[in-house]
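Okay, here's what each chain looks like letter by letter:
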Amino acid sequence: MHRRQFVGAGVGLLLAGYTLPSRALTAVYAGLQSVDSDIQALTLDDRQQIIPRAAVQELADSLRGRLLLPGKTGYELARQVLNPAIDKHPALIVQPTGPADVQSAVQFAGANNLVIAVKCGGHSFSGKSTCDGGLLIDLSRYRNVHVDSERRLAYVTGGSLLGALDHETLARGLVTTAGTVSHTGVGGLATGGGFGRVGRRFGLALDNIHAVDVVGADGQLRHASAEENPDLYWGVRGGGGNFGVVTNFEFHLHPMQRKVIGGKLMYSMDKARALLETYAEHSPRMPDEMYIDCGVAYPPGGSAGFANLDICYSGPPADYEKYMRPFASLGEPLQNGVREVDYVALQRSGDFSDPRAMVSYVKDGFLDGIPQAMVNDILEGLEADPGRFTQFYFQHAGGAIGRVEPGDTAFVQRYVTHDAMVILAWPPTADSDKHVAYIRDYWGQLEPYTRGFYTNVEDSARLVQMQSNFEGNFQRLVSLKDRYDPRNLFRLNANIKPSAMG
Ligand SMILES: Cc1cc2nc3c(=O)[nH]c(=O)nc-3n(C[C@H](O)[C@H](O)[C@H](O)COP(=O)(O)OP(=O)(O)OC[C@H]3O[C@@H](n4cnc5c(N)ncnc54)[C@H](O)[C@@H]3O)c2cc1C
């Protein structure tokens, strides 16, 4: 055989799908994914089941993205979520590259009676974005943000993170409301609420949703907007992942300058009471451009506690001092980190350098104004413990968030001026029980001041209170659930049970 013919024959063999015993070549050619055994899974009512190899192989062949099975490359990393206390093992993981893969995954779950978990940023504190024995749709390979400056719309795929949204929109002098930590997922944040530094100006993230594409429990892809499937459009804005997987979001954008005034003011603990009282009195009446979170915290390791304000002011710079005057009576802060700052950099300033280093546990409730009596209970119950980070925190709401009618979207609590939160974090190796017992007891003293809670900062026990939390919107949500997910495949969320299961 001439040399030229030999080379040609070799390429021909490869193209025909023959595998050669060369590590270098197998690294280049992915080949067909081969499923080598049946898999074990749980049914929707938690019974063991075996899914035949051939059915799993069919799923693998239908995907452009990856199918990850226990024991195989990529599975361990993909099953992780932010909170290291959550340690679940899905029967299989699909990493879609687009809506078609999401449809295949959902159809497979429906046909095999599997619960579906959906992961975008993986930030759910209680681990709602993973599962044991079900199918995890991990959207982390489906991330993209495209901005149409003329139409003032951002097209955002369902696995995207907030950092990319802020980065791409501000590059064009536009913004929409996103949360305060840039590695949070758009998918969970925007379907459940979305408080953030410009929320008082532009509303919740969900108030800025112009349209969505959703893969429902029947595997169908639907576009939903004010004109098309308006009921689904209503439910997705506050109903979380109850009605399916949002594969694409369209967000309204607003012109905004890059530079804002922002950063932290830190005060010693002896000023905490005065700070909280001043904040309680003045923060509800601030202009929409002023966003101030306020907290009291004890760091781990036994260092002194502190109180702080976390500020983002996007109005005329000359007016900043005027609005901050009420806090002047507190005297000089320990540290003043407030300056003119790039908004996108400010949005990254609270990111964790090692997101999975600490287990976190959060309790929260909405407030319509801060009663002065609450300040007393916040300070009396807050206990330092060198083994954990202990924090009470107010996230600032009100403004434009309150100018939407409670029935206009599924997110009903339009009275919210603040989200009150207790946040504890400790190393994964520590004994969790004593910290959990403490937060439950402390929150028990504060909860009576609140009305409703944020379903995105839920913990499993409180999810049973869905009916009262969704107030007048609850029955409409149940009707939507009956229509779009009657078997409750999408139950790992702030779950609205279909009426047959309610
Ligand atoms: C460090 C940190 C900071 C936070 N800061 C803020 C803040 O500033 N403002 C605020 O409002 N909230 C904040 N939150 C709460 C946040 O809104 C929720 O944790 C939210 O669920 C995170 O979304 P995710 O996509 O990262 O979560 P995931 O854990 O991936 O998902 C959470 C839920 O959303 C569903 N879901 C995810 N993607 C989709 C999708 N594409 N379609 C349908 N359902 C989907 C999942 O099924 C699951 O039920 C914060 C949370 C953390 C941990």
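These numbers were taken from a predicted model, which means no experiment stands behind them.

Caption draft 1: Structural detail: the packing of helix α10 (residues 272-282) against helix α13 (residues 372-381). With their axes 10 Å apart at the nearest point, α10 and α13 run at an angle of 150 degrees to one another. Note on packing geometry: the crossing formed by α10 with α13 is right-handed. Here Ala 272, Arg 273, Leu 276, Glu 277, Ala 280 and Glu 281 of α10 lie close against α13, whose contacting residues are Gln 372, Val 375, Asn 376, Ile 378 and Leu 379. For the contact of α10 with α13, a count of residues per class yields six nonpolar, two polar and three charged.

Caption draft 2: Representation of the pairing of strand β6 (residues 135-138). Covered by surrounding structure in β6 are Leu 135 and Ile 137 together with Leu 136 and Asp 138, the residues of both alternating faces. In this structure, strand β4 (residues 92-95) lies alongside β6, joined through three bridges in parallel fashion. If you follow Ile 93 over to β6, its bridge partner there is Leu 136. Direction of pairing for strand β5 (residues 116-119) relative to β6: parallel, over a ladder of four bridges. Counted as the bridge partner of Ile 116 is Leu 135 from β6.

Caption draft 3: Inspection of the site of the ligand at higher detail. Around the ligand sit 33 residues in total, of which Cys 120, Gly 122, Ser 129, Tyr 454 and Leu 492 are the nearest. For the ligand, an oxygen atom lies 3.0 Å from a polar atom in the backbone of Gly 188. For the ligand, whose free accessible area comes to 940 Å², the fraction covered by protein is 94%. Elements represented by at least two residues in the shell around the ligand include exactly β5, α7 (186-192) and β12 (245-252). At three residues, the largest contribution of residues to the shell around the ligand is made by α7. Here the residues of the shell around the ligand sort into 13 nonpolar, 18 polar and two charged.

Caption draft 4: Spotlight on the UniProt feature "domain: FAD-binding PCMH-type" (unreviewed entry) in the protein. The residues that UniProt annotates with the feature "domain: FAD-binding PCMH-type" (unreviewed entry) are residues 86-256. Structurally, residues 86-256 comprises 23% helix and 26% strand, and the distance from its first C-alpha atom to its last is 39 Å.

Caption draft 5: The arrangement of the domain arrangement of the protein in detail. As far as domains go, the protein holds domain 1 (1-25), domain 2 (32-140), domain 3 (145-255 + 464-484) and domain 4 (259-457). Inter-centroid distance (C-alpha atoms) of domain 3 to domain 4 is 24 Å. Each partner contributes to the interface: domain 3 provides 40 residues, whereas domain 4 provides 46 residues. It is Phe 195, Arg 197 and Arg 200 in domain 3 that bury the most area against domain 4; as a group they hold 32% of the surface buried on that side. In this structure, the connection of domain 3 to domain 4 is made through three salt bridges. In this structure, the salt-bridge partner of Glu 471 is Arg 451, at a minimum N-O distance of 3.4 Å. For the pair domain 3 and domain 4, the number of links is 28 residue pairs in polar contact (both at pLDDT 80 or more). When contributions to the side of domain 3 that touches domain 4 are tallied by element, the ones reaching two or more residues are α6 (162-170), α7, α8 (199-202), α9 (230-236), α15 (466-469) and α16 (474-484). Residue contributions to the side of domain 3 that touches domain 4 peak at four residues, all from α8.

Quick notes on the rules
- Residues numbered from 1 in each chain as written.
- Predicted model: local features only at pLDDT ≥ 70, side-chain atom pairs only at ≥ 80, totals over all residues.
- Heavy atoms only, no water.
- Axes fitted to C-alpha atoms, helices over the stretch in contact; angles between N-to-C directions.
- Helix = DSSP H or I, 4+ residues; strand = E, 2+ residues; numbered from the N terminus.
- Left-handed = near helix turned anticlockwise from the far one by under 90°.
- Contact = heavy atoms within 4.5 Å.
- Nonpolar A, V, L, I, M, F, W, Y, C, P; charged D, E, K, R; others polar.
- Buried < 20%, exposed > 50% of the residue type's maximum accessible area, 1.4 Å probe, protein only.
- Pairing = 2+ DSSP bridges.
- Near = heavy atom within 4 Å.
- Polar contact = N/O pair within 3.5 Å; in protein donor to acceptor, adjacent residues only side chain to side chain.
- Areas by Shrake-Rupley, 256 points an atom, 1.4 Å probe, with all protein chains shown as cover.
- UniProt positions renumbered as here; feature names shortened; annotations may be inferred.
- Domains from an automatic or database assignment.
- Buried area = accessible area lost by both parts, 1.4 Å probe.
- Salt bridge = Lys/Arg side-chain N within 4 Å of Asp/Glu carboxyl O.

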